[in-house]
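Structural overview
This is what each chain is made of:
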Amino acid sequence: MNTATTTNTFVFHEAQWLQVLFLLADTATWMQQLQEGLIWQLPVKQHKKLLRKNWYLSVTVLAHILERHYYKLPRHPLAGKFTISIPEIVNAIKEAGQLSPQPIAGSTNLQRVWEAGCPLGYDPAGNTVTTLTIISSAAGEIITAFPGRLVTP
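Throughout, a residue's number is its position along its own chain's written sequence, starting from 1. Local features in a predicted model are, by the rule used here, given only for residues with pLDDT of at least 70; side-chain atom pairs are given and counted only at 80 or more, and totals for whole chains, interfaces and linings are based on all residues. Only heavy atoms go into the side-chain values, all of them from the structure, while hydrogens and water stay out.

Notes on the layout of surface pockets
Rules: Lining residues are those with an atom within 4 Å of a point, where the points come from a 1 Å grid over the protein atoms alone and group into cavities, where a 1.4 Å probe fits but cannot get out, or pockets, open sets with protein on both sides within 12 Å along at least five of seven lines. Grid points are joined across faces, edges and corners, and a volume is the space filled by probe spheres set on the points. In this description a helix means any DSSP run of H or I spanning at least four residues, a strand means any run of E spanning at least two, and both kinds are numbered starting from the N terminus. Ten residue types, Ala, Val, Leu, Ile, Met, Phe, Trp, Tyr, Cys and Pro, are classed as nonpolar, four, Asp, Glu, Lys and Arg, as charged, and the remainder, Gly among them, as polar.
Each pocket or cavity is described by its volume, and for the largest pocket that value is around 200 Å³. Along the wall of the largest pocket there are 13 residues; nearest its centre are Gly-80, Pro-124, Phe-146, Pro-147 and Arg-149. Contributing elements (two or more residues each) for the lining of the largest pocket: helix 2 (59-69) and strand 11 (142-147). Broken down by element, the lining of the largest pocket gets its largest block of residues, three residues, from strand 11. Residue composition of the lining of the largest pocket, by class: six nonpolar, four polar and three charged.

Details of the packing of aromatic side chains
Stated precisely, the cut-off is as follows: Stacked, tilted and edge-to-face pairs are distinguished by plane angle, under 30 degrees for stacked and over 60 for edge-to-face with tilted covering the rest, among Phe, Tyr and Trp rings (Trp via its six-membered ring) whose centres lie within 6.5 Å. Relative accessibility decides the category of a residue: with a 1.4 Å probe and only protein chains considered, values under 20% of the type maximum give buried, values over 50% give exposed, and everything between is partly exposed.
In this structure the tally under the stated criterion is one aromatic pair. An angle of 70° between the planes, with centres 5.4 Å apart, marks the rings of Tyr-70 and Tyr-71 as edge-to-face. In this structure Tyr-70 comes out as buried when scored by relative accessible area, which is 9%.

A word on the pairing of strand 10 (residues 131-136)
Here is the rule we go by: Pairing between two strands requires that DSSP report at least two bridges joining them.
With six of its six residues buried, strand 10 lies for the most part within the structure. Along strand 10, one buried face is formed by Thr-131, Thr-133 and Ile-135 and the opposite face, lined by Leu-132, Ile-134 and Ser-136, is buried too. In the sheet, strand 7 (residues 110-115) pairs with strand 10 via six bridges, with the strands oriented antiparallel. Following the sheet pairing, Trp-114 is matched in strand 10 by Leu-132. Examined bridge by bridge, strand 10 and strand 11 share five bridges and lie antiparallel to one another. Residue pairing across strands places Leu-132 opposite Pro-147, the latter belonging to strand 11. What sits between strand 10 and strand 11 in their antiparallel hairpin is a turn of five residues, with Gly-140 showing a positive phi close to 100°.

Spelled out as structure tokens, the structure:
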């Protein structure tokens, strides 16, 4: 019996499609476990606060934040840079999750601005800053974080 279904000359191979679906689902689960394992390796207390559904820091986003905003990586020279350690950056992001999110004008995203009380880095203008801004989706998935405040036009 042929498991392929024909619709307007399009052949849908259900068995192959299901194999790929389950392969991708298993790979995504494995990658999720690897991500969480990597976050757990950081010397930060209360790791679970970074992995909640309403405040989620993925390794992809953490890589983006560090690539763009960590002073030891010479990429993106016009971006603000963190001058604190990676565990301190992650801890600050975790702490900011306790703040109430504020809307961003002209966007569906939200922001949290956390005051550290000590220098975290410098903004694109080179000014030393003590604030951290985290941009997240309405669902709480962290999109980016950077030292300083969001500049709105």
